[in-house]
Amino acid sequence: MAHPAISDGLRRVEATIRRLSNSSRIPAINKAAARITSAGGKRLRPALTLATGLALGGSMTRRLVTGAACVEMIHAGSLVHDDLMDQAAERRGTRTLNAELGDPRALVIGDFMLARAGLAALTAVSRPVAETLAATVVELAEGQYQETVSLFDPARSIEDAMRSITGKTASLFRTSCLVAAQCTHASPEQRVRLAMYGERFGVIFQILDDLLDLAGDPAILGKPAGNDLRHGVYSLPLLWALQDPSLGDVRALLGRRLTEAEADHALRTLRHSGVIDQTIERCRRLAAETVIPDLPRGDIADSLAALPAAYVNWTATMVTR
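Only a predicted model underlies this, so the values are computations on that prediction, with no experimental measurement involved.

About the criteria used
For every chain, the first residue of the written sequence is number 1, and numbering continues from 1 along that sequence. Given that the model is predicted, a residue must reach a pLDDT of at least 70 before its local features are reported, and side-chain atom pairs must reach 80 or more before they are shown or counted; all residues, however, enter totals for whole chains, interfaces and linings. Hydrogens and water molecules were not included; the side-chain quantities draw on all heavy atoms of the structure. For helices, the axis comes from a line fit to the C-alpha atoms of the stretch in contact; other axes are also lines fit to C-alpha atoms, and the angle between any two N-to-C directions lies between 0 and 180 degrees. Helix and strand assignments come from DSSP, with helices taken as H or I runs of at least 4 residues and strands as E runs of at least 2, each series counted from the N terminus. By the definition adopted for this analysis, an angle is roughly parallel if under 35 degrees, roughly antiparallel if over 145, roughly perpendicular if from 65 to 115, and oblique otherwise. Note: crossing handedness is left-handed where the near helix turns anticlockwise from the far helix by less than a right angle, and right-handed where it turns clockwise. Should any heavy atoms of two residues lie within 4.5 Å, those residues are considered in contact. Only Asp, Glu, Lys and Arg are considered charged, only Ala, Val, Leu, Ile, Met, Phe, Trp, Tyr, Cys and Pro nonpolar, and every remaining residue, Gly among them, polar. By definition here, a salt bridge exists when the distance from a side-chain nitrogen of Lys or Arg to a carboxyl oxygen of Asp or Glu is within 4 Å. Accessibility here uses a 1.4 Å probe with only protein chains present; expressed as a share of the type maximum, an area under 20% marks a residue as buried, one over 50% as exposed, and anything in between as partly exposed.

K.L.:
Go over the packing of helix α4 (residues 62–86) against helix α7 (residues 127–148) with me, naming the residues and quoting the values.
P.N.:
In contact at an axis separation of 11 Å, α4 and α7 are set at 20° when each is read in the N-to-C sense. Between α4 and α7, the angle is such that the two are roughly parallel. Seen along the crossing, α4 lies across α7 with a hand that is right-handed. Every residue of α7 that contacts α4 at Cys70, Val71, Ile74, Ser78, Asp82 and Met85 is listed here: Leu133, Val137, Leu140, Gln144 and Thr148. Class assignment of the residues belonging to the contact of α4 with α7 gives a composition of seven nonpolar, three polar and one charged.

K.L.:
An account of the pattern of salt bridges is needed here, citing residue identities and associated values.
P.N.:
Within this structure, the stated rule accounts for 16 salt bridges. Of the charged contacts in the structure, one is a salt bridge between Arg230 and Glu260, with a shortest N-O distance of 3.0 Å. A residue pair is termed long-range when its members are at least 10 positions apart, and Arg230 in helix α11 (residues 227–230) and Glu260 in helix α14 (residues 260–271) qualify at 30 residues. The buried category is assigned to Arg230, whose relative accessible area is 18%. The partner of Arg256 in a salt bridge is Glu262, with the nearest N and O atoms 2.9 Å apart. Residue classification places Arg256 among the partly exposed positions, given a relative accessible area of 37%. By sharing partners, the salt bridges in this structure join Glu14, Arg43 and Glu72 into a single network.

Set out below in structure tokens:
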């Protein structure tokens, strides 16, 4: 989505995120929030918001830019909570807030970022957008909770894993598109179809992220490989792979914390199984089914339509066999 208007909009989003991250009366909170929001990342969710707004025929208004920044603030705050729950020490090559400041302070920083996004949406965008973001935070919490109750469960179903990723990841992709639709007064039909597009793309994104956790290069990902497996999160790629009877030795390891030797063995076995090709192919099929409605700006709509398949292709180049 290398469009000049989107690039300019993302620069404005960054400025808004910096302002929101620096809005506490407590300097230490500002410093920690700014550290998270300036740590890099794809900025995929706010880019989705901006591109969807333009595709709907809107312009790069202050409301649209602020809405996109609020979406990213919620994403960043949820990552702080994710790291805290996982007791992760590193993300994107840097120490996490919980590792640096301790669990209580990290929890408060995550809460601040979520609340600050909601307040900005209510005061600078619109009440409907604020309501959409608040409902999404509820879904994020529910999806994450659903994952926690399935930790170390070797009988976890594929349906349970799908419900969890729909809540904890795909809901915010859906909201990225819905915020744009609300800012540009899209029709009810356009909102429904854009919500479906965003949610499907979010599902694809999380499945591929889970694959990278099993088969990605830690030096590129900025976090250890096999983190989910070690913490008892049995993801969709793993559950699909374990349908193969020949992976009985990996299945036998599930249900408890693994030693480093056991985790390394499981990852090597999985990488040499069909899990990579199988997951990529499933995601290609999902991407082919992820359609976008006819929109006023067809050129940008076409870029959005091509994005899920492009992301699958990118992931395919990132896995280690």
